[in-house]
Structures are given as structure tokens and as C-alpha cells.
Amino acid sequence: MRSSLSSWDNLPVKRTASAKIFRKLPSVDDVVRAAEVAELAASFGHDSVVDAARVVLARLRQEITSGLLDEGGLELALSGLVSAVESQLRHAMSYSLRPVINATGVILHTNLGRAPLADAAIEHIRETAANYSNLEFDLAAGARGKRDVHADRLFQRLVSEEVDSDKPPVSTIAVNNNAAAVLLALNTLADGGEVIVSRGELVEIGGSFRIPDVMAKSGAILREVGTTNRTRSADYERAITERTRLLLRVHRSNFEITGFTEQASTAELVALARKRGIPLMEDLGSGALFDLRSVGISGESGVLDSLRSGVDVVSYSGDKLLGGPQAGLISGSSALIARMRSNSLFRALRVDKLIYAALEATLLAYVRHDHDAIPTLRMMRLSKEAIGKRAEALAARIAGSKLRIEIVDGESILGGGAAPSSVLPTRLLALTCQGLSADELAAGLRGSEPPIIARVEEGRVLLDLRTVIPDQDVAVSNALAMIGRNG
């Protein structure tokens, strides 16, 4: 009880001391009128300078209130007030969306923007953005054209190389992401009718969006068949009624079901769809145009595989295994695609000229079979040995610091929901630093310029150079050297 009274007795003294310190704080007007601060208004604008001064002073008030600043500390802080205001201004007026170095080994890292674009795509975006373009203008006819022809013509070339000529003609349209592609397809083909889906494929995608929710928004009615682990072709057939409008297969994004399982094959579903005169759609999610088996990844159906098998409509993402910009792509029967193109939702969900520019440049790389021009594919194709040599060279540049560096075997993953059980062998830089925990070391890397995003496992920071663009190796070594010097 006496201890409690004693603490209360000290409060007036503390309040008096705090009040004395608070009185030393200048007003916002005083700060802004100072000559050196006033000069900042020429570069950043008066209102921005006032806002920055308010933030800096509010921060000092908070530090005084919390006991972090005494009278001497405040005098020191006030001596650097101009620098603090300028620093706050530069922070507030800089871009929030910033480039980072992805050293996680997750090739399609959703939080880091998924696929980096090819150089040709970036240049085509710049050229298209800086000028007027023939986005919806037919130069030969001198009349209005269709924006989707810029991508569709290239998809048709790619499909014609792989899909039998006796198959119905294939067309492709683009909307803003794969969820939008599924929404448009379902609304066009099954509004008011039933769509049959296996219970084992009612997935939840990123951001808590679920296939049943997307289907409900489309106006289609979900008809679940089979069980979570076993669904046969016969289950689909028994569920077909006069209200059935579509058979839907959904890619199991970010998970797989193993053990006592069964899944109707694509061939079985194609045969059933033909027999009953009902379209078959496949939501591939990632959607590769590249043969993943060439990099040791199996069991992941590609876009051309599905079309070759006779699937009527395939939806997939542009910024995943395709290696292009964010887009939802729908490829399939020209007759069904034409119906989607005439749906008013298509206009609401369509993409702009910059997406078409990036998509066109990416697809041209596929047409030329120049897969290494696409960063995502180039990363997949890197050998463990090549990554190991880069890791050794980088480690050699920062020897002798407080950092302890080991080069160890590890695994990279595709990410983006693609092939969740498949990995690519790699070599990792495993880091520890004297005086820093693994989390503190990782935070230090995130605070570098540009920020470096790494993994933390078993008390070590792991860097996988598979996902680090080679030109960024110097920035990584410089950041590590600085942390190694300062600890």
C-alpha cells in the first residue's frame, strides 16, 4: 500500500517536468517559418511541409509522454529538427509501391507481385503508354476494331502448333484476373442453371475468396458431386438434369489430396460432356504454356494439354506460370468465347492497353520459343549448380565480416498455387550474424535499399538466388557487407 502511495506522490513532479519539456517544443508555424524549412516548400509544396512538421512534432510529443525524451534528449532532437522534417517529407512524398529483391526462392510470390515481366514487355508498355495506339482501331479497314485481337492472334498461333486441326477453332479473351475469368464464363454459360463440381475441388483461393462464392455471384447454381477424396465420372453423370448447363473442373490451388483418392480423368469428363451435349470448363488457375516436365515438374496440366484433350473452355492467370501481366485468360471454343465477349460483364472486366502490351510481348517470346526471355521461365530452368556458383561468388565478396555464411542444399517452389507438392533443387546462403537474432537480421535486410525479402528457418536467414535477378547480386552483397560491418 505504501509503495502505491509513493508512486502517486511522484506524479505531480513528473507532470511538472513533462510540462516544462513540452513548453520547449516549437509550434508548427515556428518550424515552417524557419529559413531552412521554408526552402523545402519550393521542392515539396507548403502544405506538404506543414504536414511533415506536424508529424515530427507529434512524434516528439509522444516520446516525451512515454518518458523516452528528457530535457537533454529534446534539445538534441530539436537541433536536428530540420533534418527530421526533410526526412519525413522525403518518406511521405516517395512511392509506397517499391521494387524489392525476392530471395525467398518462391518464384511466383503473390505478396511480391508474382511474375516479373520480360524486358520486351516493359519496353512495349512504355512505348504504348507514351503514345496513342491502335488498341481498338483496325488500321487496314480504317474503322473500329477489337482490343482482344492483339493477344488472340498469338494464342491462335500457339494453339495451332499443338492442337489437332480437326478440333473446333479456339479463341482467347482477357479480363482482369482469373477470378473474373471464372465469373464471366459461369455467368455466360450457366446463369440460372446448374454447374456440376466435385466436392474435392471447392477450393478457397487467396484473400478468402471461394469457388462457391464466385459461382453464387455469377448466377449459376452449384451442384456438388462425389466426396472430398473420391469423385468418379459416374457421379457427374448421375447429377446431370435438364437444368445442367456446365461441367466444371477446378485446379486444387495450394494443396493436394493424397492417399485413398480417385478423380475422374479429363478424358472421361470430355467423353461425358460430348455424350450429354454439355460444355466442359477447366479452371487451371496457374495455366502454363511451357512444358513443366522439362524442369522436372509433373502432374500439372497445361493450357495446351487441356485444349488438346477436348476441354471446351480453359481459364488461367496471366501473371503466374505464363510469366506475363496480371490478367484472367479464357481460351476455348470460338463459339463459346464469342458468347462471353458479347456479355456486358466482359466490358466491365476487360483489361487496358498496358496489359495487352505486356501480354503481346510475352506471347511473342513463346511464339519465338525464346523461353529464357521470360524471367519466370528462366528462373525455373536454372540448375542447382549454376545457383551454387553464384552463391559462392557472393559469399566470397563479404568474407571477414560478423556474418557467418554457409552454402547448403535447399528447395525452391513455384508458388502462386502451382504444383504445390513440387520443388526445384537449389543452393541456399544460410546466414547468422553475431549480436543479431535471425529475425533481426531478416528485418535488417528488409530495411536495405532496395529491401531484400528472405526466409527464416531454424534460427538462420536463408537466401535463394534462384529468384534474385543476377543484376541484383551486387545489391545483396552490399547489404550483407553493411550488416556484417555494423552488426
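A brief structural summary. (Residues numbered from 1 in each chain as written. Predicted model: local features only at pLDDT ≥ 70, side-chain atom pairs only at ≥ 80, totals over all residues. Heavy atoms only, no water.)

**Here we look at the packing of helix α9 (residues 149–162) against helix α17 (residues 353–367)**
Right, so step 1: Between α9 and α17, the least distance of the axes is 9 Å, while the angle of their chain directions is 20°. Between α9 and α17, the crossing angle belongs to the class labelled roughly parallel. Along this stretch, α9 crosses α17, giving a crossing that reads as left-handed. Contact with α9, carried on its side by His150, Ala151, Arg153, Leu154, Phe155, Arg157 and Leu158, involves Tyr356, Leu359, Glu360, Leu363, Leu364, Tyr366 and Val367 of α17 and no other residues of that element.
Right, so step 2: Grouping the amino acids of the contact of α9 with α17 by side-chain chemistry returns 10 nonpolar, one polar and three charged. (Axes fitted to C-alpha atoms, helices over the stretch in contact; angles between N-to-C directions. Helix = DSSP H or I, 4+ residues; strand = E, 2+ residues; numbered from the N terminus. Parallel < 35°, antiparallel > 145°, perpendicular 65-115°, else oblique. Left-handed = near helix turned anticlockwise from the far one by under 90°. Contact = heavy atoms within 4.5 Å. Nonpolar A, V, L, I, M, F, W, Y, C, P; charged D, E, K, R; others polar.)

**What to know about helix α21 (residues 473–486)**
Right, so step 1: Between its first and last C-alpha atoms α21 spans 20 Å; for 14 residues at 1.5 Å apiece the expected length is 20 Å, and the two agree.
Right, so step 2: Among all positions of α21, only Asp473, Val476, Ser477, Ala479, Leu480, Ala481, Ile483 and Gly484 are buried. (Expected span 1.5 Å × (residues − 1). Buried < 20%, exposed > 50% of the residue type's maximum accessible area, 1.4 Å probe, protein only.)

**Thoughts on the nonpolar core**
Right, so step 1: Residues Leu289, Leu321, Leu329, Leu363, Tyr366, Met380 and Leu414 are the most contacted members of the largest nonpolar core, which totals 57 residues.
Right, so step 2: Counting residues per element, this core draws most heavily on α17, at seven residues.
Right, so step 3: Apart from the residues lying within four places of it in its own chain, the contact partners of Leu321 are Leu108, Ser286, Gly287, Ala288, Leu292, Glu300, Tyr366, Leu377, Met380, Leu414 and Ala418.
Right, so step 4: One finds Ala190, Val197, Met215 and Ile330 within the second-largest nonpolar core, a separate group that totals 29 residues. (Core = buried A, V, L, I, M, F, W, Y, C linked by side-chain atoms within 4.5 Å.)

**Overview of the pattern of salt bridges**
Right, so step 1: For the structure on display, the rule yields 27 salt bridges.
Right, so step 2: With a shortest N-O distance of 3.4 Å, Glu71 and Lys24 are connected by a salt bridge. Of the two residues, Glu71 is situated in helix α6 (residues 71–79) and Lys24 in the loop between α2 (11–22) and α3 (28–33); the sequence distance between them amounts to 47 residues.
Right, so step 3: What emerges from the salt-bridge pattern is a single network uniting Glu136, Arg144, Arg147 and Arg350. (Salt bridge = Lys/Arg side-chain N within 4 Å of Asp/Glu carboxyl O.)

**Considerations on the sheet that holds strand β17 (residues 424–433)**
Right, so step 1: The sheet built from five strands is open, its strands ordered β2-β16-β17-β20-β19 with mixed pairing. Each end of this open sheet is capped by a strand with a single partner; those strands are β2 (106–108) and β19 (455–457). Averaged over all adjacent pairs, the angle separating strand axes in this sheet is 40°, with direction ignored.
Right, so step 2: Sheet topology places β2 next to strand β16 (residues 403–415); two bridges connect them, and they run parallel. Paired with Val106 across the two strands is Ile413, which belongs to β16.
Right, so step 3: Contacts between helix α20 (residues 438–446) and the sheet are confined to β16, β17, β19 and β20 (460–464), with β20 contributing the most and set at about 40° to the helix. (Pairing = 2+ DSSP bridges.)

**Remarks on helix α10 (residues 178–190)**
Right, so step 1: Over its 13 residues, α10 extends 17 Å from the first C-alpha to the last, a length consistent with the 18 Å expected when each residue adds 1.5 Å.
Right, so step 2: Among the 13 residues of α10, 12 are classified as buried, and the element is accordingly described as predominantly covered.
Right, so step 3: By the burial criterion, the buried members of α10 are Asn178, Ala180, Ala181, Val182, Leu183, Leu184, Ala185, Leu186, Asn187, Thr188, Leu189 and Ala190.
Right, so step 4: Capping the start of α10 is the job of one residue whose side-chain oxygen sits 3.3 Å from the backbone nitrogen of Ala179: Asn177.
Right, so step 5: Positive phi appears at Gly192, one or two residues downstream of α10, with a value of about 85°. (Polar contact = N/O pair within 3.5 Å; in protein donor to acceptor, adjacent residues only side chain to side chain.)

**Some details on the pairing of strand β15 (residues 328–333)**
Right, so step 1: For β15, a buried count of six out of six residues is recorded, marking the element as mostly surrounded by other parts of the structure.
Right, so step 2: Where strand β5 (residues 170–175) lies against β15, six bridges are found, and the strand directions are antiparallel. Bridging across to β15, Val170 finds its partner in Ser333.
Right, so step 3: Pairing of strand β14 (residues 313–317) with β15 involves five bridges; the strand directions are antiparallel. When the bridges of β15 are listed, Val313 appears paired with Gly332.

**A few points about the sheet that holds β5**
Right, so step 1: Spatial strand order, β5-β15-β14-β13-β11-β6-β9: seven strands in an open sheet with mixed pairing. The open sheet terminates on both sides in strands that have one partner only, identified here as β5 and β9 (221–225). When the angles between neighbouring strand axes are averaged without regard to direction, this sheet yields 25°.
Right, so step 2: Each of β11 (244–250) and β13 (280–285) touches helix α13 (residues 266–276); the most contacted strand, β11, lies at about 170° to it.
Right, so step 3: Lying on the sheet, helix α15 (residues 334–341) is in contact with β5, β14 and β15; it crosses β15 at an angle near 135°.

**Quick notes on the packing of aromatic side chains**
Aromatic rings considered in pairs are described by the distance between their centres and by the relative angle of their planes.
Right, so step 1: Enumeration over the complete set of coordinates arrives at one aromatic pair.
Right, so step 2: Judged by centre distance (6.5 Å) and plane angle (75°), the ring pair of Phe155 and Tyr316 falls under edge-to-face. Taken as a pair, Phe155 in helix α9 and Tyr316 in strand β14 lie far apart in primary sequence, 161 residues in all.
Right, so step 3: The class of Phe155 is buried, set by a relative accessible area of 2%. (Phe/Tyr/Trp six-rings, centres within 6.5 Å; stacked < 30°, edge-to-face > 60°.)

**A word on the packing of helix α5 (residues 46–65) against helix α7 (residues 81–92)**
Right, so step 1: Relative to each other, α5 and α7 sit at 115°, their axes nearing to 9 Å. In terms of crossing hand, the pair formed by α5 and α7 is right-handed. Between α5 and α7, the residues in contact are Ser48, Val49, Ala52, Ala53, Val55, Val56, Arg59 and Leu60 and Leu81, Ala84, Val85, Gln88 and Leu89, respectively.

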